[in-house]
Amino acid sequence: MNKGLGRGHVGVLLGLLLAWTASDFAAAQPPVMAYELGTRASSGDGFDGQSLYARWPAKWLQRHWLNNDANAAWQARWDISVAQWDSTPKDIAFIAAGPVVEWRLANAPWRVSLGVQPTLISNHDDAGKDLGGPVQFTSHLSLAWAPAEALIIGLRAQHTSNARIYDENPGVDQVGVEIGIPF
């Protein structure tokens, strides 16, 4: 006789737990984020980076891709970054701009953001890596503490590569922090 929970029982319990937490998150409306300016510092794969960024609502994307409710848990935003990667022998400047989707935890000052931005870099052959060419794509996942009308502090993991549009595509993985101010 089997005395433990079987896979079916565990699946049902996990499904019930997921349904319960999803209904709890859907019940509360998170605050709408307006504009944000900030800075990021990151390191990884032979590069240390510093950047300035701006984020603002992407109303058209919100309305046509996510939903028409500006108070929904999922928010479409635009993100633009101007950055520099310190490396040897030359530094690399880049600009990245594109959409970001943020998910706000209901009734809590936390957010998770995902994004992919086309990126232009000034030098693709540095720090022992040939990144292939000037056109890259930067994808990220971040977790931030973002209370209303207060300093935003987050952790960010990002990957920059050229999505195989060039023969060389080693990519650069970085982990960093971001600090922003909403207004």
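Source: prediction; values computed, not measured. (Residues numbered from 1 in each chain as written. Predicted model: local features only at pLDDT ≥ 70, side-chain atom pairs only at ≥ 80, totals over all residues. Heavy atoms only, no water.)

K.L.:
Whenever I open this one, the environment of Ser-122 confuses me. Can you help?
P.N.:
Here Ser-122 shows up in the loop between strand E5 (110-121) and strand E6 (125-126). Look at Ser-122 and you get exposed, because its relative accessible area is 51%. The contacts of Ser-122, once residues within four sequence positions are left out, are Asp-91, Ile-92 and Ala-93. (Helix = DSSP H or I, 4+ residues; strand = E, 2+ residues; numbered from the N terminus. Buried < 20%, exposed > 50% of the residue type's maximum accessible area, 1.4 Å probe, protein only. Contact = heavy atoms within 4.5 Å.)

K.L.:
What's the story with the packing of aromatic side chains in this structure? I'm lost.
P.N.:
Within a pair of aromatic rings, the relevant descriptors are the distance that separates the centres and the angle that separates the planes. One pass over the structure, following the stated rule, counts five aromatic pairs. Ring centres of Tyr-35 and Phe-183 lie 5.9 Å apart, and the angle between their planes is 25 degrees; this geometry places the pair in the stacked category. With Tyr-35 in the loop between helix H1 (7-27) and strand E1 (36-44) and Phe-183 in the segment after strand E10 (172-182), this pair connects stretches of sequence that are 148 residues apart. Judged by centre distance (5.1 Å) and plane angle (45 degrees), the ring pair of Phe-47 and Trp-85 falls under tilted. With a gap of 38 residues between them, Phe-47 in strand E2 (residues 47-57) and Trp-85 in strand E3 (residues 74-86) connect regions that are remote in the sequence. Here a set of aromatic residues connected by ring pairs shows up, and it is made of Phe-47, Trp-85 and Phe-94. Its end group placed over the ring of Tyr-53, Arg-40 keeps NZ or CZ at 3.9 Å from the ring centre. (Phe/Tyr/Trp six-rings, centres within 6.5 Å; stacked < 30°, edge-to-face > 60°. Lys NZ or Arg CZ within 6 Å of the ring centre and 35° of its normal.)

K.L.:
Looking at this structure, I do not really get the sheet that holds E3. What am I missing?
P.N.:
Working definition: the strands of a sheet are paired by backbone hydrogen bonds and lie parallel or antiparallel to each other. An order of E1-E2-E3-E4-E5-E8-E9-E10 is seen for the eight strands of this closed barrel, with the pairing classed as antiparallel. With strand direction ignored, the average angle separating the axes of adjacent strands in the sheet is 25 degrees. In the packing of helix H2 (residues 59-66) onto the sheet, contacts are made with E2, E3 and strand E4 (92-104), and the angle to E3 comes to roughly 130 degrees. (Pairing = 2+ DSSP bridges. Axes fitted to C-alpha atoms, helices over the stretch in contact; angles between N-to-C directions.)

K.L.:
Can you walk me through the pattern of salt bridges in this structure?
P.N.:
If charged atoms from side chains of opposite charge come close, those side chains can pair. All told, the structure shown has eight salt bridges when counted by the stated rule. Notably, a salt bridge pairs Arg-77 with Glu-102, separated by 3.4 Å at the nearest N-O pair. Residue Arg-77 is found in strand E3, and its partner Glu-102 is found in strand E4; the two are separated by 25 residues along the sequence. Glu-102 sits in the buried class, given a relative accessible area of 0%. Salt bridges here are not isolated pairs; linked through shared partners, they connect Glu-36, Arg-40, Arg-55, Arg-77, Asp-79, Glu-102, Arg-111 and Glu-178. (Salt bridge = Lys/Arg side-chain N within 4 Å of Asp/Glu carboxyl O.)

K.L.:
Any chance you could explain the pairing of E1 here in plain terms?
P.N.:
The two faces of a sheet get side chains in turn, since along a regular strand they alternate between them. Side chains Glu-36, Gly-38, Arg-40, Ser-42 and Gly-44 of E1 all project onto a buried face; the interleaved residues Leu-37, Thr-39, Ala-41 and Ser-43 project onto a face where none is buried. Judged from the nine bridges that link them, E1 and E2 form a sheet pairing that is antiparallel. For Ser-42, the partnering residue across the bridge sits in E2 and is Gly-49. Two successive antiparallel strands, E1 and E2, enclose a turn made up of two residues, where Asp-45 displays a positive phi of approximately 50 degrees. Sheet topology places E1 next to E10; eight bridges connect them, and they run antiparallel. Bridge pairing in E10 places Ser-43 opposite Val-175.

Nothing here speaks to function; it is geometry throughout.
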